[in-house]
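Analysis of the macromolecular model
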Amino acid sequence: MTTKRFGLLSRLPALLPRRRDSAAEAGEMPAVATARPRAQLRLLSKSARLEENRPPHLVLGMAWLSSVAIIGFLLWAGFTNINEIARAPGEIVPTGFVQSVDHFDGGTVKAIHAAEGMIVKKGDVLLVLDGAGAMEDRSAARKKQWALEIRAERLRAYVNERAPDFSGFGDASTPVIAEQSAIFDTMMSAYVLQRRVIDDQISQKQKVLNELALRSETAKANLATVRKVYDGRLQLYEKALLPYTRLADTEKEMTTLGGEVKALDEQMRQAKAAIEEFNARAASLRSSTRDSKFQELHQVT
């Protein structure tokens, strides 16, 4: 560095006019050579002067600071995750229908303890509802439940074929109890009337069946008698003691009685079938009424 730095200065004495004095020749040349470089720098051009001078301390400090900053930035950029945020104007809207929040029972607001924008926490009272409407609804619900229990007792009594017991629900003169008692009596009367009609039909068919049975027994007895007469006359006819006309009359009478017996048997079969149908209708009537009342009781309870 020393050789490069003072290379041009070492050539300056050859370029400048040499002073010929006695002091230089007497051995004082080192002192002049020592002070000469600074004075001689003023004689150089600006570019040469910059090449020969040392860089300023401020420039060196700024260079070092810039290098450290660049290296630090590169290290930070290599090991740091940067979250990218995109800002855009917009509006948040619900994706579905807006759901309104209502009170389950409803009522009249008596007092409001919160205002819009107010910060509240769980358990804070926001508003107070008037309890008059709720008490009225409660009383109406209890009356309805009481009426349904009376109705259920009426249906149970009908299903179990017994008289209803309304003693546990209050006085029998109460309008609701009186109404349910009247409905029970009407139901039983309607059932008894329908059953009576079916029983009358069964009784009539049974009478017809009895008459047919009596007529059938009489016809069978007459047929047996006519057959005996026919057998006797057939023997006489074979011996030529009886004309054929008499035998033919007996045979005709026997055929008529046989047809009558068959007709009576068919009528008896039809009468028995009718009686069975009426009995099935009576059972179906009871079953259908019980099933309908069972379904009604299930809805009530």
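As the structure is a computational prediction, the values presented were derived from the model and not from experiment. (Residues numbered from 1 in each chain as written. Predicted model: local features only at pLDDT ≥ 70, side-chain atom pairs only at ≥ 80, totals over all residues. Heavy atoms only, no water.)

1. Details of the overall build of the protein chain
Check the secondary structure of the protein chain and you find nine helices and two strands. N-terminal to C-terminal, the α/β element order of the protein chain is α-α-α-α-α-α-β-β-α-α-α. Here the protein chain holds 301 residues, and the buried ones make up 17% of them. Accessible surface, the protein chain as shown: approximately 24,300 Å² in total, 57% of it carbon and sulfur. (Helix = DSSP H or I, 4+ residues; strand = E, 2+ residues; numbered from the N terminus. Buried < 20%, exposed > 50% of the residue type's maximum accessible area, 1.4 Å probe, protein only. Areas by Shrake-Rupley, 256 points an atom, 1.4 Å probe, with all protein chains shown as cover.)

2. As for the packing of aromatic side chains
Aromatic rings in a pair are described by how distant their centres are and how their planes are angled relative to each other. Per the counting criterion, the structure on display carries two aromatic pairs. Pairing Tyr237 with Tyr244 gives two aromatic rings, centres 5.6 Å apart and planes at 55°, and the pair type is tilted. Judged by its relative accessible area of 34%, Tyr237 is partly exposed. For Arg286, the ring lying beneath its charged end belongs to Tyr158, and the centroid distance is 5.5 Å. (Phe/Tyr/Trp six-rings, centres within 6.5 Å; stacked < 30°, edge-to-face > 60°. Lys NZ or Arg CZ within 6 Å of the ring centre and 35° of its normal.)

3. Concerning the side chain of Thr250
Relative to the helices and strands, Thr250 resides in helix 9 (residues 244-300). Look past the residues within four positions of Thr250 in its chain and what remains in contact with it is Val226, Val229, Tyr230 and Arg233. (Contact = heavy atoms within 4.5 Å.)

4. Here's the deal with the pattern of salt bridges
Taken as a whole, this structure holds seven salt bridges when the rule is applied. One salt bridge in this structure joins Glu153 and Arg162, with 3.1 Å as the shortest N-O distance. A relative accessible area of 10% places Glu153 in the buried class. A residue is classified by how much of its surface remains accessible, and Arg162, at 33% relative accessible area, is partly exposed. Each of Arg151, Lys293 and Glu296 takes part in one network of salt bridges that share partners. (Salt bridge = Lys/Arg side-chain N within 4 Å of Asp/Glu carboxyl O.)

5. Looking at the packing of helix 8 (residues 175-238) against helix 9
Orientation of helix 8 relative to helix 9, taken along the N-to-C sense of each, is 165°, at an axis distance of 7 Å. When the interaxial angle is binned, helix 8 and helix 9 end up roughly antiparallel. In this structure, the crossing between helix 8 and helix 9 has a hand that is left-handed. When its residues are assigned to classes, the contact of helix 8 with helix 9 shows 27 nonpolar, ten polar and 15 charged. (Axes fitted to C-alpha atoms, helices over the stretch in contact; angles between N-to-C directions. Parallel < 35°, antiparallel > 145°, perpendicular 65-115°, else oblique. Left-handed = near helix turned anticlockwise from the far one by under 90°. Nonpolar A, V, L, I, M, F, W, Y, C, P; charged D, E, K, R; others polar.)

6. Examining the confidence of the model for the protein chain
Across the protein chain, the average pLDDT comes to 78, with 75% of residues at or above 70. The secondary structure element of the protein chain with the lowest average pLDDT is helix 3 (residues 22-25), at 40, and the one with the highest is helix 8, at 91. (pLDDT = per-residue confidence, 0-100.)

7. Considerations on helix 8
In this model helix 8 runs 93 Å from its N-terminal to its C-terminal C-alpha over 64 residues, within 8% of the 94 Å that 1.5 Å per residue would give. Two residues or fewer past helix 8, Ala240 is found with a positive phi of approximately 65°. (Expected span 1.5 Å × (residues − 1).)

8. A closer look at unusual backbone geometry
Despite not being glycine, Glu161 shows a phi value in the positive range, around 55°. Within the fold, Glu161 resides in the loop between helix 7 (131-159) and helix 8. Phi at Ala240 takes a positive value of approximately 65°, unusual for a residue other than glycine. Counting through the fold element by element, Ala240 comes out in the loop between helix 8 and helix 9. A residue is classified by how much of its surface remains accessible, and Ala240, at 68% relative accessible area, is exposed.

9. Quick look at the side chain of Arg154
By the element assignment, Arg154 lies in helix 7. As a buried residue without a salt bridge, Arg154 has its nearest oppositely charged side chain in Glu296, at a separation of 4.2 Å. A distance of 2.9 Å separates a polar atom in the side chain of Arg154 from a polar atom in the side chain of Gln180. (Lys, Arg positive; Asp, Glu negative; His and termini not counted. Polar contact = N/O pair within 3.5 Å; in protein donor to acceptor, adjacent residues only side chain to side chain.)

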